[in-house]
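Below are the chains, spelled out letter by letter.
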Amino acid sequence: KRQARIDGEPIMSDARTPVKATTRIQMVFQDPFASLDPRIRIGETIAEGPIVHRLVSKAGAGAYVAEWLRRVGMPADAAARFPHQFSGGQRQRIAIARALAMQPDVLICDEPVASLDVSIQAQIVNLFLQLRRELGLTMLFISHDLGVVRHISDRIAVMYLGRIVETGPTAEVYAQPRHPYTLALLDSVPKLVTGADEMVTFRPIMGELPSPLSPPSGCHFHLRCPKVQPLCKAEAPMLIGEGRAVACHFPLSDQ
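Remember, predicted model here, so these are calculated numbers, not experimental data.

Peer 1: Is there a simple way to think about the pairing of strand S5 (residues 138–142) in this case?
Peer 2: Taken residue by residue, a regular strand's side chains alternate between the two faces of the sheet. Here S5 shows a buried face lined by Met139 and Phe141 and an unburied face lined by Thr138, Leu140 and Ile142. Note that strand S4 (residues 106–110) and S5 share five bridges and pair parallel. Bridge pairing in S5 places Cys109 opposite Phe141. Handedness of the crossover is the feature at issue here: the chain leaves S4, passes through helix H4 (residues 118–135), returns alongside S5, and the resulting connection is right-handed.

As structure tokens, then:
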């Protein structure tokens, strides 16, 4: 099995080897209302990990927390308050500060704007872009919002029922999708058509989503794919390619 690695070193161990604690990967969760302990003040929440891992001393924790709060656009006095005293967008900024205070190399963001109002989503996405530039972060941004993905990512990986079906540079994948599911996803996004009869158009993906617990044989997408062939039902395609990779027996550009 393949292992996730950073700089060539595995980040997980097998059952026989003790797990080595690492601060190099941190995570920002989807729901800022559930990911912060309501009984702990913000300053303690942010400082706990860095103190435990000796990134900062207890004596210097106050200034350290204040600096990370400033980085995410929050005032220093937020450290003395509790999570319920903040809005959803402010809580997500605090959650970002907590993750970054661990000085990670990789930040995993699991639907970090999905539970926020649209106006707040743009602020948080722009904050991620700013922090990525300033800190030189690698970010794994998980999202179902294709507009956000296009705006924030350099490379994308499209998944269907737990399998990666296409990867590549964002601009190339959006301009010329090679997997039928990627094309279907892009076609399903509502588009405004201007002219004499202005209207919104989109093309929904046909068919029912199979159960991830009992996926179909062969290519998981074959039940909904307009290009399906007998081979697709019998054999699961491999993810093939380097800069651009696609898991399809009959990639769109080859037809």
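Peer 1: Would you explain the nonpolar core in this entry?
Peer 2: Inside soluble globular proteins, nonpolar side chains tend to come together where they are buried. Ile46, Ile96, Leu107, Phe128 and Met139 are the most contacted members of the largest nonpolar core, which totals 36 residues. Where this core is concerned, the elements lending two or more residues are helix H1 (42–52), helix H2 (61–71), helix H3 (88–100), S4, H4, S5 and helix H5 (146–152). For this core, the element with the highest residue contribution is H4, accounting for six residues. If we skip the residues at most four places from it in the chain, Met139 touches Leu107, Cys109, Phe128, Arg132 and Ile152. Core analysis: the second largest hydrophobic core is formed by 15 residues, Val149, Tyr160, Cys219 and Cys232 among them.

Peer 1: What is the right way to look at the sheet that holds S4 in this model?
Peer 2: In any sheet, the strands associate via hydrogen bonds between backbone groups, in a parallel or an antiparallel arrangement. Overall, parallel pairing links the three strands, which are arranged S3-S4-S5 in an open sheet. The open sheet terminates on both sides in strands that have one partner only, identified here as strand S3 (25–28) and S5. Looking at each pair of strands side by side, their axes are set apart by 20 degrees on average, direction ignored. Packing against the sheet, H3 makes contact with S3 and S4, and its axis sits at approximately 175 degrees to S3. H4 contacts S3, S4 and S5 of the sheet and is inclined by roughly 160 degrees relative to S5.

Peer 1: What should I look at first to understand H2 in this one?
Peer 2: Each α-helix turn comprises 3.6 residues. Residues three or four places apart therefore point the same way. Of all the residues in H2, the buried ones are Ala61, Tyr64, Val65, Trp68 and Leu69. Each buried residue of H2 sits inside an arc of 135 degrees when the element is viewed along its axis, so together they form one side. Exposed side of H2, more than 90 degrees from the buried face: Gly62 and Ala63 are the residues found there. Here the buried face of H2 lies against H1, H3 and H4.

Peer 1: What exactly am I supposed to notice about the packing of H3 against H4 here?
Peer 2: A pair of packed helices is captured by two measures, namely the crossing angle of their axes and the spacing between those axes. In contact at an axis separation of 10 Å, H3 and H4 are set at 20 degrees when each is read in the N-to-C sense. Classified by the interaxial angle, the pair formed by H3 and H4 is roughly parallel. Pair H3 / H4 crosses with right-handed handedness. For the pair formed by H3 and H4, the contact residues are Gly89, Gln92, Arg93, Ile96 and Leu100 on the first element and Ile120, Gln123, Ile124, Leu127, Phe128, Leu131 and Leu135 on the second. Grouping the amino acids of the contact of H3 with H4 by side-chain chemistry returns eight nonpolar, three polar and one charged.

Peer 1: I'm lost on unusual backbone geometry in this one. Help?
Peer 2: Note on backbone geometry: most residues besides glycine have negative phi, and most peptide bonds are trans. Located in the positive-phi region is Gln103, a residue other than glycine, with phi close to 55 degrees. Checked against the element boundaries, Gln103 lands in the loop between H3 and S4.

Peer 1: When you look at the packing of aromatic side chains in this model, what are you seeing that I'm missing?
Peer 2: Think of a pair of aromatic rings as described by two things: how far the centres are apart, and how the planes are tilted against each other in angle. Within this structure, the stated rule accounts for five aromatic pairs. With centroids separated by 6.4 Å and ring planes inclined at 70 degrees, the aromatic side chains of Tyr64 and Trp68 adopt a geometry described as edge-to-face. Residue Tyr64 and its partner Trp68 are both found in helix H2; the two are separated by four residues, about one turn of the helix. The same class applies to Tyr64 and to Trp68, which are both buried. If you follow Arg71 out to its NZ or CZ, it ends over the ring of Trp68, 5.5 Å from the centre.

Peer 1: Teacher, can you tell me more about the packing of H1 against H2 here?
Peer 2: Where H1 contacts H2, the two axes come as close as 9 Å, and the packing angle between them is 110 degrees. In terms of axis orientation, H1 runs roughly perpendicular to H2. Residues Ile42, Gly43, Ile46, Ala47, Pro50 and Ile51 of H1 form the contact with H2, whose own contacting residues are Ala61, Tyr64, Val65 and Leu69. A class-by-class count of the residues in the contact of H1 with H2 yields nine nonpolar, one polar and no charged.

Peer 1: Where do I start with the pairing of strand S7 (residues 163–169) in this structure?
Peer 2: Bridge analysis of strand S6 (residues 155–160) against S7 gives six bridges, and the strand direction is antiparallel. Note on S7: the bridge partner recorded for Arg155 is Pro169. In sequence, S6 turns back onto S7 through a hairpin of two residues, with Leu161 there showing a positive phi of about 50 degrees. Strand direction decides the pairing type here: S7 and strand S11 (residues 245–246), joined by two bridges, are antiparallel. If you follow Thr167 over to S11, its bridge partner there is Ala245.

About the criteria used
For every chain, the first residue of the written sequence is number 1, and numbering continues from 1 along that sequence. Reporting in this predicted model follows two pLDDT cut-offs: at least 70 for local features of residues, and 80 or more for side-chain atom pairs to be given and counted; totals over whole chains, interfaces and linings ignore these cut-offs and use all residues. Water and hydrogen atoms were dropped before computing side-chain values, which therefore reflect all heavy atoms in the structure. Relative accessibility decides the category of a residue: with a 1.4 Å probe and only protein chains considered, values under 20% of the type maximum give buried, values over 50% give exposed, and everything between is partly exposed. Put simply, DSSP marks the helices as runs of H or I at least four residues long and the strands as runs of E at least two long, and each gets a number from the N terminus on. Paired strands, in this sense, are two strands between which DSSP finds at least two bridges. Place the viewer so that the strands point away; then a crossover is right-handed whenever the path from the first strand over the helix to the second strand goes clockwise. For our purposes a nonpolar core is just a set of buried Ala, Val, Leu, Ile, Met, Phe, Trp, Tyr and Cys residues, chained together by side-chain atoms within 4.5 Å. Pairs of residues are marked as contacts when any of their non-hydrogen atoms sit within 4.5 Å. To get an axis, a line is fitted to the C-alpha atoms, and for a helix only the part in contact is used. The angle between two axes follows their N-to-C directions and goes from 0 to 180 degrees. Arc definition: it is the arc formed by the directions from the helix axis to the C-beta atoms. Put simply, angles under 35 degrees are roughly parallel, angles over 145 are roughly antiparallel, angles from 65 to 115 are roughly perpendicular, and the rest are oblique. Crossing handedness is defined as follows: a turn of the near helix away from the far one that is anticlockwise and smaller than a right angle gives a left-handed crossing, while the clockwise case is right-handed. Polarity classes work like this: nonpolar for Ala, Val, Leu, Ile, Met, Phe, Trp, Tyr, Cys and Pro, charged for Asp, Glu, Lys and Arg, and polar for all others, with Gly in that last group. Stacked, tilted and edge-to-face pairs are distinguished by plane angle, under 30 degrees for stacked and over 60 for edge-to-face with tilted covering the rest, among Phe, Tyr and Trp rings (Trp via its six-membered ring) whose centres lie within 6.5 Å. Each ring is checked for a lysine NZ or an arginine CZ that lies within 6 Å of its centre and within 35 degrees of its normal; such an atom marks a charge sitting over the ring.

Interpretation in functional terms is not warranted from these geometric data alone.
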